[in-house]
Amino acid sequence: MTEQEIRSALAQAAGDVREKNPQAPSVTNTVTQDFVANAQLAVGGSATMIYLPDECEQIAATAPAFYINTGTMLPVLAETLPRTAKTLHDNRTPWVLDPVGIGMNGLRTKILSGFKDCKPSIVRGNASEIIALAKLWQLVDDDYAGTIRGVDSTEKVSAAKTAAIALAKFTGGAVAVSGEEDLITDGEQTIICAGGSAMLTKVTGSGCALGGVMAVYAAVANPFTAALTATTAFNLAGMQAAAKSDGPASFKIKFLDALYKLTAQEIADSFRAVGVLDSMLTYTFGMERVKE
Amino acid sequence: MTEQEIRSALAQAAGDVREKNPQAPSVTNTVTQDFVANAQLAVGGSATMIYLPDECEQIAATAPAFYINTGTMLPVLAETLPRTAKTLHDNRTPWVLDPVGIGMNGLRTKILSGFKDCKPSIVRGNASEIIALAKLWQLVDDDYAGTIRGVDSTEKVSAAKTAAIALAKFTGGAVAVSGEEDLITDGEQTIICAGGSAMLTKVTGSGCALGGVMAVYAAVANPFTAALTATTAFNLAGMQAAAKSDGPASFKIKFLDALYKLTAQEIADSFRAVGVLDSMLTYTFGMERVKE
Amino acid sequence: MTEQEIRSALAQAAGDVREKNPQAPSVTNTVTQDFVANAQLAVGGSATMIYLPDECEQIAATAPAFYINTGTMLPVLAETLPRTAKTLHDNRTPWVLDPVGIGMNGLRTKILSGFKDCKPSIVRGNASEIIALAKLWQLVDDDYAGTIRGVDSTEKVSAAKTAAIALAKFTGGAVAVSGEEDLITDGEQTIICAGGSAMLTKVTGSGCALGGVMAVYAAVANPFTAALTATTAFNLAGMQAAAKSDGPASFKIKFLDALYKLTAQEIADSFRAVGVLDSMLTYTFGMERVKE
């Protein structure tokens, strides 16, 4: 896709969500549900959080998209998550996987392993999480670099490039690595988005909210476009909010307000590089096309 | 009740809560607990959220009011909710039911069906939820209009009028249908409140917070007055906040601040129609007495 | 410790956290997790919330500090909490206990009783909770004053002085009693901190956030210093926020922003009495050394 094609796709996705108000129900962690839901609402989507296997299966069979985040595992999710992911896969419903907390042993590892067969449309995580998932699914070598510490990444986004591409090729969907820069790939095309704000790392749940919003866009667009639209919107809203905030809490408020006010056109326009191309073919704000 | 009697009742309820700081413990969804608790605190009440059957039964036996919201069902609630509702009913403790997510099959339907015997003092929901509950309890015909989509209403408040009145007559309490306008009925008298702000629909948990605040007022007033006081306070605070906010997140902050600052008198006064009566006997801001 | 020694210790602890970004994972209630996590991030720490016994045991064995809050008991915690506390004790990992909801019968009492053998490094609670825990552990007489109402304290901080000292002597750690004034003791030295804001009581989870931040500081400092650093930072940020806020919701935002911006030096300096010593040896803002 050319930059112009990408901008058109972003505008279409962002506009369709505002018009259609699609649902993207979630099984997600208990810590950041409020932020996820409010971010989904802010871009024009609709939010529902559920836990029970029967309910999730029922909703997964009819929702246009779904968000799964493994942040706070609860016993009931041992049954809920595999059944939900299978339903989503069987119904070819687009779904986003946020493998938060990957690396803790036991149930979480078992569930994340099982997701391999259900091929999430979008995998979103920080660099450490993406590398860990690619290892868990044996898509990269075990000695591939990258470690996990709690829910935080210890790796730069670029370190996860090979893992991300391997994951995307395997799922046939998209992979988004969030960090200072964001890497988004469908296995063929890989884009690095700049923008955003370091303040996003000072607010709990920014990544979860991003994943939830990707699911909203996935209800109306292909996984690569959905991941890119959400990332671009977050980066733009993040920059706008950072310019006006006085700390992480006011940043979060201004960020959600900004997300709410972004028009489809503004999101699309913000993707166009506004800075000067440097010798590394990186815009100061914009995108870099990484050649495979 | 005349408008003047209603205003007096609102002032009394709002003032009593500020003075007595009553508890209204909750079994509620995990998504919006923070908003519910902070709204309960803002009007002068006290908040406690619990899940375990023994604890809920213990608290339900002594609390002056209780709030039950079925938004995110968890396995433990299969035992907690029926036992809690029975305890509340046996102790004649006023309690608010927010049947969030009604329409999802299985446990949720079973529990909501069982609540019929425990007669909630106030049922609060959007139009779709109120219609669905009236159908579930077989108080209206199955072909009564109204469908559910996730946790959002697909119906106008007025569409739920018959269902709301049927529910209120059955429970002997009050029913509040939230929407662009709010309909509140005790089965005899039906009032439609205007005011509020569309921004309330852009913030997750506004309805839950309203239900939680109704429970706080139900600790000191009859169900009809409690529902009306909470609704009037939310509508006034919503209008005040909307005038000063820059999007849904700053709206929520200003809304809670406004709720905190409202005096009992301001709540009561705001109930008086401030606009011009139109040909439909609806005030632009105020109330409509719907004749049965 | 002299005032100067205390100020040095506070500066060291606050600075070390900013530099080392230590993790303080939590098993905590579902209501206030967002606030706890954002407060932990604001002071420079890192947050992870978990529920499953295996995961908690794994994390407890490696984390530099841990936070346990019993606010919303869930069935899984019947296994998680005892195993986690034992692991923390066996590994001599500093941990903070916030005995929220003590007084509700059944599982909660059993778990809190069992914690006696695992000796939390810091116990943080309101006066009623501290008194109730000291009674539960039979460290004070049963007829010691103090009652509980839901999650709120009915007692003044000073009423819990004897209970707090008894608890601290037993655990060998520190005890922090939060209230209009805050009492912090290691069983030998007892300090009462003024400052803060009544607004903190209008925001749900202020106490939980304080406990979570104590755990962050406990990762780099001894329990007494950690409790004192967190309390001093909260009191300073609370005063700064109260001066600029318009109600409890804007207060919370400004409070977290202020917490984020506090330097180690500002925290240390704010501990120095800025007011005039009154006849009770109490500074209008500062500290009182209570002689045993």
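Residues numbered from 1 in each chain as written. Chains lettered and ligands numbered in written order. Predicted model: local features only at pLDDT ≥ 70, side-chain atom pairs only at ≥ 80, totals over all residues. Heavy atoms only, no water.

What about the interface of chain A and chain C?
The interface is formed by 28 residues belonging to chain A together with 25 residues belonging to chain C. Both faces considered, chain A and chain C share a buried interface measuring about 2,300 Å² in area, 58% of it formed by carbon and sulfur atoms. The tally of links between chain A and chain C comes to three salt bridges. Of the charged contacts, one joins Glu55 of chain C and Arg108 of chain A as a salt bridge, the two residues approaching to 2.6 Å between their closest N and O atoms. (Contact = heavy atoms within 4.5 Å. Buried area = accessible area lost by both parts, 1.4 Å probe. Salt bridge = Lys/Arg side-chain N within 4 Å of Asp/Glu carboxyl O.)

Describing the relation of the copies chain A and chain C
Rotating chain A by 120° and translating it 0.0 Å along the rotation axis places it on chain C, where the RMSD comes to 0.0 Å. The operation mapping one copy onto its partner corresponds to a three-fold rotation axis. When C-alpha distances to the rotation axis are compared across chain A, the minimum falls at Thr30 of chain A, with a value of 3.7 Å. By residue overlap, the copies meet through two different surfaces: only 7% of the interface positions of chain A are interface positions in chain C. (Least-squares fit on C-alpha atoms with pLDDT ≥ 70 in both.)

Topic: the state of the cysteines
Should the sulfur atoms of two cysteines be covalently bonded, the bond is a disulfide. For the structure on display, the rule yields zero disulfides over all chains. Unpaired in this structure, Cys56 of chain A has its nearest cysteine sulfur neighbour in Cys118 of chain A, at a distance of 14 Å. Since its relative accessible area comes to 0%, Cys56 of chain A is described here as buried. Cys193 of chain C takes part in no disulfide bond, and the closest cysteine sulfur, belonging to Cys208 of chain C, lies 19 Å away. (Disulfide = S-S within 2.5 Å. Buried < 20%, exposed > 50% of the residue type's maximum accessible area, 1.4 Å probe, protein only.)

Things to note about the nonpolar core
Core analysis: the largest hydrophobic core is formed by 183 residues, its most contacted members being Tyr217 and Leu259 of chain A, Tyr217 and Leu259 of chain B together with Tyr217 and Leu259 of chain C. Apart from residues no more than four positions distant in its own chain, Leu259 of chain C is found in contact with Arg18, Ala39, Ala42, Val43, Ala233, Phe234 and Ala237 of chain C. One finds Leu88 and Val123 of chain B together with Cys56 and Ala127 of chain C within the second-largest nonpolar core, a separate group that totals 137 residues. (Core = buried A, V, L, I, M, F, W, Y, C linked by side-chain atoms within 4.5 Å.)

Considering helix H8 (residues 206-218) of chain B
Relative to the 18 Å expected for 13 residues at 1.5 Å per residue, H8 of chain B spans 18 Å between its end C-alpha atoms, a close match to the ideal helical length. Within H8 of chain B, twelve of the 13 residues are buried, which leaves the element mostly enclosed by the surrounding structure. (Helix = DSSP H or I, 4+ residues; strand = E, 2+ residues; numbered from the N terminus. Expected span 1.5 Å × (residues − 1).)

Overview of the relation of the copies chain A and chain B
Each copy superposes on the other: chain A lies on chain B with an RMSD of 0.0 Å after a rotation of 120° and an axial shift of 0.0 Å. Here only 8% of the contact residues of chain A are again contact residues in chain B; the copies associate through non-equivalent surfaces.

Quick word on the environment of His89 of chain A
Residue and element names in this part refer to chain A. Within the secondary structure, His89 is located in helix H4 (residues 77-90). Accessibility expressed as a relative area gives 34% for His89, which makes it partly exposed. Placed 26 residues apart in sequence, His89 and Phe115 show a C-alpha to C-alpha distance of 9.7 Å. Look past the residues within four positions of His89 in its chain and what remains in contact with it is Asp117, Cys118 and Lys119.

Regarding the interface of chain A and chain B
Counting from both sides, the interface comprises 25 residues of chain A and, opposite them, 28 residues of chain B. Where chain A abuts chain B, roughly 2,300 Å² becomes buried across the two surfaces, and 57% of that area is made up of carbon and sulfur atoms. Linking chain A with chain B are three salt bridges. At the boundary of chain A with chain B, the tally comes to nine residue pairs in polar contact (both at pLDDT 80 or more). At the level of secondary structure, the elements contributing two or more residues to the side of chain A that touches chain B comprise helix H2 (33-42), helix H3 (53-60) and helix H10 (248-261) of chain A. In terms of residue class, the side of chain A that touches chain B is built from 13 nonpolar, seven polar and five charged. (Polar contact = N/O pair within 3.5 Å; in protein donor to acceptor, adjacent residues only side chain to side chain. Nonpolar A, V, L, I, M, F, W, Y, C, P; charged D, E, K, R; others polar.)

Digging into the pairing of strand E3 (residues 95-98) of chain B
All names here are of chain B. The alternating pattern of E3 places Trp95 and Leu97 and Val96 and Asp98 on opposite faces, both of which are buried. Pairing analysis gives four bridges linking strand E2 (residues 66-69) to E3, with the strands arranged parallel. Counted as the bridge partner of Phe66 is Trp95 from E3. After leaving E2, the chain enters helix H4 (residues 77-90) and then returns to the sheet as E3, a path that is right-handed. Of the strand pairs in this sheet, E3 and strand E4 (residues 122-126) are connected by two bridges, and their pairing is parallel. Considered in E4, the bridge of Val96 is made with Ile122. In this view, the connection linking E3 to its parallel neighbour E4 by way of helix H5 (residues 107-114) has right-handed handedness. (Pairing = 2+ DSSP bridges. Right-handed = clockwise from strand over helix to strand, strands pointing away.)

Thoughts on a positive patch on the surface
Together, Lys244 and Lys254 of chain A, Lys244 and Lys254 of chain B together with Lys244 and Lys254 of chain C give the surface a local cluster of positive charge. Positionally, Lys244 of chain B belongs in the loop between helix H9 (223-242) and helix H10 (248-261). Taking relative accessible area as the criterion, Lys244 of chain B reaches 49% and is therefore assigned partly exposed. (Patch = residues over 30% accessible without salt bridge, like charges linked within 9 Å, V, L, I, M, F, W, Y side chains within 5 Å. Areas by Shrake-Rupley, 256 points an atom, 1.4 Å probe, with all protein chains shown as cover. Lys, Arg positive; Asp, Glu negative; His and termini not counted. Charge placed at Lys NZ, Arg CZ, Asp CG, Glu CD.)

Re the packing of aromatic side chains
On inspection of all chains with the given rule, the structure shows 15 aromatic pairs over all chains. Aromatic side chains Phe35 of chain C and Phe255 of chain C sit 6.4 Å apart centroid to centroid with 85° between the ring planes, which places their arrangement in the edge-to-face category. Here Phe255 of chain C lies in helix H10 (residues 248-261) and Phe35 of chain C lies in helix H2 (residues 33-42), a separation of 220 residues in the sequence. Summarising the burial analysis for this pair, Phe35 of chain C and Phe255 of chain C share the class buried. Taken together, a centroid distance of 4.9 Å and an interplanar angle of 70° make the contact between Phe234 of chain C and Phe255 of chain C edge-to-face. Separated by 21 residues along the polypeptide, Phe234 of chain C in helix H9 (residues 223-244) and Phe255 of chain C in helix H10 bring together distant segments of the chain. In terms of burial, Phe234 of chain C and Phe255 of chain C fall into one category: buried. Ring pairing ties together the aromatic residues Phe35, Phe234, Phe251 and Phe255 of chain A, which thus form one cluster. The ring of Phe170 of chain B carries the charged tip of Lys119 of chain B above its face, separated from the ring centre by 4.7 Å. (Phe/Tyr/Trp six-rings, centres within 6.5 Å; stacked < 30°, edge-to-face > 60°. Lys NZ or Arg CZ within 6 Å of the ring centre and 35° of its normal.)

Considering the packing of helix H9 (residues 223-242) of chain A against H10 of chain A
Working note: a packed helix pair is described by the angle between its axes plus the distance between those axes. Residue and element names in this part refer to chain A. For the pair H9 and H10, interaxial distance at closest approach is 8 Å and the crossing angle is 130°. It follows that H9 is oblique to H10 by the angle criterion. Between H9 and H10 lies a crossing of right-handed hand. From H9, Ala233, Phe234, Ala237, Gly238, Gln240, Ala241 and Ala242 reach across to H10, where they touch Phe251, Lys254, Phe255, Ala258 and Leu259. Each residue belonging to the contact of H9 with H10 can be placed in one class, and the counts come to nine nonpolar, two polar and one charged. (Axes fitted to C-alpha atoms, helices over the stretch in contact; angles between N-to-C directions. Parallel < 35°, antiparallel > 145°, perpendicular 65-115°, else oblique. Left-handed = near helix turned anticlockwise from the far one by under 90°.)

What to know about the confidence of the model for chain A
Residue and element names in this part refer to chain A. Put simply, chain A has an average pLDDT of 90, and 89% of its residues get 70 or more. For residues 273-292, every residue scores under 50 in pLDDT, and the model assigns this stretch 48 contacts once sequence neighbours within four places are set aside. Listed scores for the predicted complex are pTM 0.93 and ipTM 0.91. (pLDDT = per-residue confidence, 0-100.)

Points about the pattern of salt bridges
If you walk through the whole model with that rule in mind, you get 27 salt bridges over all chains. Across the salt bridge formed by Asp34 of chain C and Lys252 of chain A, the nearest N and O atoms sit 3.4 Å from each other. Taken as a pair, Asp34 of chain C in helix H2 and Lys252 of chain A in helix H10 lie in two separate chains rather than in one. Asp34 of chain C gets classed as buried once you look at its relative accessible area, which sits at 18%. Exposure remark for Lys252 of chain A: the relative accessible area of 12% places this residue in the buried category. Among the charged side chains, a network of salt bridges with common partners joins Asp54, Glu57, Glu79 and Arg83 of chain A.

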